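Survey of secondary and tertiary structure
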Amino acid sequence: MKNIKEITNGGTHYAVETTGVPVVVRQSLQALRPLGQVAIVGVTPEMTLDVHNDLMAEGKTMMGVIEGDAVPQVFIHELVDYYKKGLFPYQRVI
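Read on for an overview of the structure. (Residues numbered from 1 in each chain as written. Predicted model: local features only at pLDDT ≥ 70, side-chain atom pairs only at ≥ 80, totals over all residues. Heavy atoms only, no water.)

Moving on to the nonpolar core. Counting seven residues, the largest nonpolar core is built from A15, V25, L29, L32, V38, I40 and L55. Looking at this core, the elements with two or more residues in it are α2 (22–30) and β2 (32–40). Per-element accounting of this core gives the leading share, three residues, to β2. (Core = buried A, V, L, I, M, F, W, Y, C linked by side-chain atoms within 4.5 Å. Buried < 20%, exposed > 50% of the residue type's maximum accessible area, 1.4 Å probe, protein only. Helix = DSSP H or I, 4+ residues; strand = E, 2+ residues; numbered from the N terminus.)

Spelled out as structure tokens, the structure:
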């Protein structure tokens, strides 16, 4: 984490953790600057976390993201509109 904190002059404002590997999840928290936020996307098994040192002491936020936290009634219509405008080439995603 020292290198990330040096490169970013104190840590990142935001992080997105996609591996679900407990040690990497913890590293994503430790790479944040005070008041930083991390979104956990990867499915993470049970893990130990030092709530005081990893979160509260610097006011960090850790949130879990499920399926992008989208509202399907809104998001599906937006995706269709993007597709019609040529902005969502879903064939390439598949």
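Time to look at the pattern of salt bridges. Taken as a whole and judged by the stated rule, the model has two salt bridges. A salt bridge links E58 to K60, with the shortest nitrogen-to-oxygen separation between them at 3.1 Å. (Salt bridge = Lys/Arg side-chain N within 4 Å of Asp/Glu carboxyl O.)

A separate point is helix α4 (residues 72–84). If you check α4, its first and last C-alpha atoms are 18 Å apart, about what 13 residues at 1.5 Å a residue would give, namely 18 Å. Taken from the residues just after α4, G86 is the one with a positive phi, measuring 80 degrees. (Expected span 1.5 Å × (residues − 1).)

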